[in-house]
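Secondary and tertiary structure notes
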Amino acid sequence: MTELIIIAAAGENNALGIDNDLPWHLPDDFKRFKQLTSGHKIIMGRKTLESFPKALPNREHIVVTRDKNYKAKFDCVLKHSLKDAIAYTENDNAAFIIGGGQIYEQAMSLATKIELTRIHAEFEADTFFPKIDLTVWEVVSEEYHPQDERHQFDFSYLTYKRKEV
C-alpha cells in the first residue's frame, strides 16, 4: 500500500501562496522538497501545475482537474478526482500531495504523514493550508532553522504522523 504524504510550506497563519506564487524564498526548503519527492509520484491540482515554469525532474506529475478537456503544458497524468489520482499510485511505496489548498483539504483525511515546513512569519495569502487537528496528528520530528543570509525567515521542518486509533 502506498504511503500518502502531504508536503507543504506554510506561514504561521497557514498561508500557502498568493496569486499562484509563494510569498517567500527558502532555498533549503526547495532542496528538502526535491530530496523527499524525487523518484516518486507527485499529486497536485491544476493551479499548482500551472505555477511551475517547467516539469520537476525525476518525478511523475499527476494533476487533478475537473476540466475533462484540460491540456497540460507539459507531460503529466490527468485525473478527475483525488481518489483516482491516489488509486493511480497504488503500486508505489510513497506518493506526495504537493498542493494546492483544495487538494490539501481533501487529502487530510487520507494521508498518513505530513511533511510541513512552518515559516515563522505571517503572510498575505489567497490560499491556505488546512488546520492540523492535533487530536488526529502528532509531531514526530522537528528541526529548527534560523534566518540567515540565504533565508529571510526562521523556519522549522515538522513531520506529523497520524495517531493510532
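So, here's what we can say about the structure. (Residues numbered from 1 in each chain as written. Predicted model: local features only at pLDDT ≥ 70, side-chain atom pairs only at ≥ 80, totals over all residues. Heavy atoms only, no water.)

**Re the nonpolar core**
Counting 25 residues, the largest nonpolar core has I6, I43, I97, I114, L116, F129 and I132 as its most contacted members. Contributions of two or more residues to this core are made by β1 (3–11), β4 (60–64), α3 (82–88), β6 (94–99), α4 (101–107), β7 (113–119) and β10 (155–162). With 4 residues, β1 is the single largest residue contributor to this core. For I132, the residues in contact, after removing those within four places along its chain, are M108, I114, L116, W137 and Y160. Counting 13 residues, the second largest nonpolar core, distinct from the first, contains I42, Y70, F96 and I98. (Core = buried A, V, L, I, M, F, W, Y, C linked by side-chain atoms within 4.5 Å. Buried < 20%, exposed > 50% of the residue type's maximum accessible area, 1.4 Å probe, protein only. Helix = DSSP H or I, 4+ residues; strand = E, 2+ residues; numbered from the N terminus. Contact = heavy atoms within 4.5 Å.)

**Topic: the layout of surface pockets**
Looking at the largest pocket, its volume works out to about 1,400 Å³. For the largest pocket, the lining is made up of 45 residues, of which T48, S51, I98, G99 and G100 are closest to its centre. Contributions of two or more residues to the lining of the largest pocket are made by β1, β2 (15–17), α1 (27–37), α2 (46–50), β6 and α4. Ranked by residues supplied to the lining of the largest pocket, first place goes to α1 with 6 residues. Among the residues making up the lining of the largest pocket, the classes are represented as 18 nonpolar, 15 polar and 12 charged. Roughly 170 Å³ of internal volume is contained in the second largest pocket. Considering the residues around the second largest pocket, the lining is formed by M1, T2, L4, I86, A87, T89, E90, L110 and T112. (1 Å grid on protein atoms, 1.4 Å probe; cavity = no way out; pocket = protein on both sides within 12 Å on 5 of 7 lines; lining within 4 Å. Points joined across faces, edges and corners; volume = space filled by probe spheres on them. Nonpolar A, V, L, I, M, F, W, Y, C, P; charged D, E, K, R; others polar.)

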